[in-house]
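Spelled out from the first residue to the last, the chains are:
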Amino acid sequence: RRSLSLPAGAILVGSLGNVRKAKAYDVLVSAAAQVIARSPEVHFIIAGDKKPSIMKALNEQIKTLNIASNIHFLGFQQDCAAMLAQMDIFLLSSSSEGFSISTIEAMATGLPVLVTRCGGPEEIVEHYRNGWLVEANNADAIAEGFRILLKDTELCERLARAGKQHTVARFGLQNMLSSYDKIYQELGAVPVKPVI
């Protein structure tokens, strides 16, 4: 907040991921414009390496929508956990995504997550139970998701708690070690055929 000179009452929406086409940051910017029009205290903070050709188009879009004071592309951040710890909500706007480590990191941090139905996040997030899923490539759907979350703090808190519990239970160290142990036990039980 200090480095961006943001007011104490600002609501911070964080996104992690290098600036590339699949992250659909143009859709994020369009959704942000709708959110900011209703809630000017919301700021979108995006961390990740910036691809100059894509940033040029995004900067033009941001300028046209007149929301430059509320969207902040930070570039690469060494400590993503520290960055996420300062956010209020996590947003993943991707049009396609593999297994989303950033979504797991955000949930483990205790953030409510709003993510698109773009592949990997659907393996992690269950809509209305531990996060909020919306249609990919749909700025209106993202903005509507924010409208709901911003007006319902109890829902945000419930999703954040459930998301953290889910992440620890499914992806925590102890669970991962137990899963690996089970695999090794199963492999050890399979007789090895001699090579002739």
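Structure first, text after, so check above.
What you are looking at is a predicted structure, and each value in this text was computed from that prediction instead of being measured.

Colleague: What's the story with the packing of helix H1 (residues 25-38) against helix H5 (residues 139-151) in this structure? I'm lost.
Modeller: When two helices pack together, you describe them by how their axes are tilted relative to each other and by the distance separating the axes. Interhelical geometry of H1 versus H5 gives an angle of 40° and a closest axis separation of 8 Å. On the basis of the axis angle, H1 is oblique to H5. Considering only the axes of H1 and H5, their crossing is right-handed. Residues Val27, Ser30, Ala31, Gln34, Val35 and Arg38 of H1 form the contact with H5, whose own contacting residues are Ala139, Asp140, Ile142, Ala143, Phe146, Arg147 and Leu150. A class-by-class count of the residues in the contact of H1 with H5 yields eight nonpolar, two polar and three charged.

Colleague: Even after reading the chapter, I still don't get H1, so can you show me in this structure?
Modeller: Residue pairs three or four apart in sequence face the same way in an α-helix, which turns once every 3.6 residues. The terminal C-alpha atoms of H1 lie 20 Å apart, and with 14 residues this matches the ideal 20 Å at 1.5 Å per residue to within 8%. Taken together, the buried positions of H1 are occupied by Tyr25, Val27, Leu28, Val29, Ala31, Ala32, Ala33, Val35 and Ile36. The inward-facing, buried residues of H1 contact strand E1 (11-16), strand E2 (42-47), helix H2 (52-65), strand E3 (71-75), strand E4 (89-92) and H5.

Colleague: Please explain the nonpolar core as it appears in this structure.
Modeller: If you look at soluble globular proteins, the nonpolar side chains tend to sit buried side by side. By size, the foremost hydrophobic cluster in this structure holds 35 residues, and its most contacted members are Phe44, Ile71, Phe73 and Phe146. Going through the elements one at a time, H1, E2, H2, E3, E4, strand E6 (132-135), H5 and helix H6 (153-171) are the ones with two or more residues in this core. A per-element tally of this core places H1 first, with nine residues. Excluding residues within four positions of it along the chain, Ile71 makes contact with Val29, Ala32, Phe44, Ile46 and Ile62.

Colleague: Would you explain the sheet that holds E1 in this entry?
Modeller: If you walk across this open sheet you meet the six strands as E3-E2-E1-E4-E5-E6, and the pairing is parallel. The open sheet is flanked by E3 and E6, the only strands paired with a single partner. The average angle at which neighbouring strand axes cross in this sheet is 25°, direction not considered. Sheet topology places E1 next to E2; six bridges connect them, and they run parallel. Residue pairing across strands places Leu16 opposite Ala47, the latter belonging to E2. Packing against the sheet, H5 makes contact with E1, E2, E4, strand E5 (113-117) and E6, and its axis sits at approximately 155° to E6.

Colleague: It is not clear to me how the side chain of Thr116 should be interpreted in this structure. Could you clarify?
Modeller: Assignment of secondary structure puts Thr116 in strand E5. The exposure class assigned to Thr116 is buried, which follows from its relative accessible area of 0%. Those residues in contact with Thr116, other than ones at most four positions away along the chain, are Leu92, Ser93, Ser94, Pro121, Leu133, Val134, Glu135, Ala136 and Ile142.

Colleague: I keep staring at helix H4 (residues 101-109) and nothing clicks. Help me out?
Modeller: Residues Ser102, Thr103, Ile104, Ala106 and Met107 constitute the buried set of H4. Looking at the buried positions of H4, the neighbouring elements they touch are E1, helix H3 (80-84), E4, E5 and H6. Among the residues trailing H4, Gly110 stands out with phi positive, at a value near 95°.

Colleague: Teacher, can you tell me more about the side chain of Thr167 here?
Modeller: Secondary-structure assignment places Thr167 in helix H6. Taking relative accessible area as the criterion, Thr167 reaches 4% and is therefore assigned buried. When residues no more than four places from it in sequence are discounted, the contact partners of Thr167 are Ile104, Met107, Ala108 and Gly172.

Colleague: Just checking my understanding: could you explain the packing of H4 against H6 for this structure?
Modeller: Where H4 contacts H6, the two axes come as close as 7 Å, and the packing angle between them is 120°. Here H4 is positioned oblique relative to H6, judged by the angle of their axes. In the crossing of H4 with H6, the sense of the turn from one axis to the other is left-handed. Residues Ile104, Met107 and Ala108 of H4 touch H6, and the partners they reach there are Gly163, Lys164, His166, Thr167 and Phe171.

Scoring rules and cut-offs
- Residues numbered from 1 in each chain as written.
- Predicted model: local features only at pLDDT ≥ 70, side-chain atom pairs only at ≥ 80, totals over all residues.
- Heavy atoms only, no water.
- Axes fitted to C-alpha atoms, helices over the stretch in contact; angles between N-to-C directions.
- Helix = DSSP H or I, 4+ residues; strand = E, 2+ residues; numbered from the N terminus.
- Parallel < 35°, antiparallel > 145°, perpendicular 65-115°, else oblique.
- Left-handed = near helix turned anticlockwise from the far one by under 90°.
- Contact = heavy atoms within 4.5 Å.
- Nonpolar A, V, L, I, M, F, W, Y, C, P; charged D, E, K, R; others polar.
- Expected span 1.5 Å × (residues − 1).
- Buried < 20%, exposed > 50% of the residue type's maximum accessible area, 1.4 Å probe, protein only.
- Core = buried A, V, L, I, M, F, W, Y, C linked by side-chain atoms within 4.5 Å.
- Pairing = 2+ DSSP bridges.

Shape descriptors only; they carry no functional weight alone.
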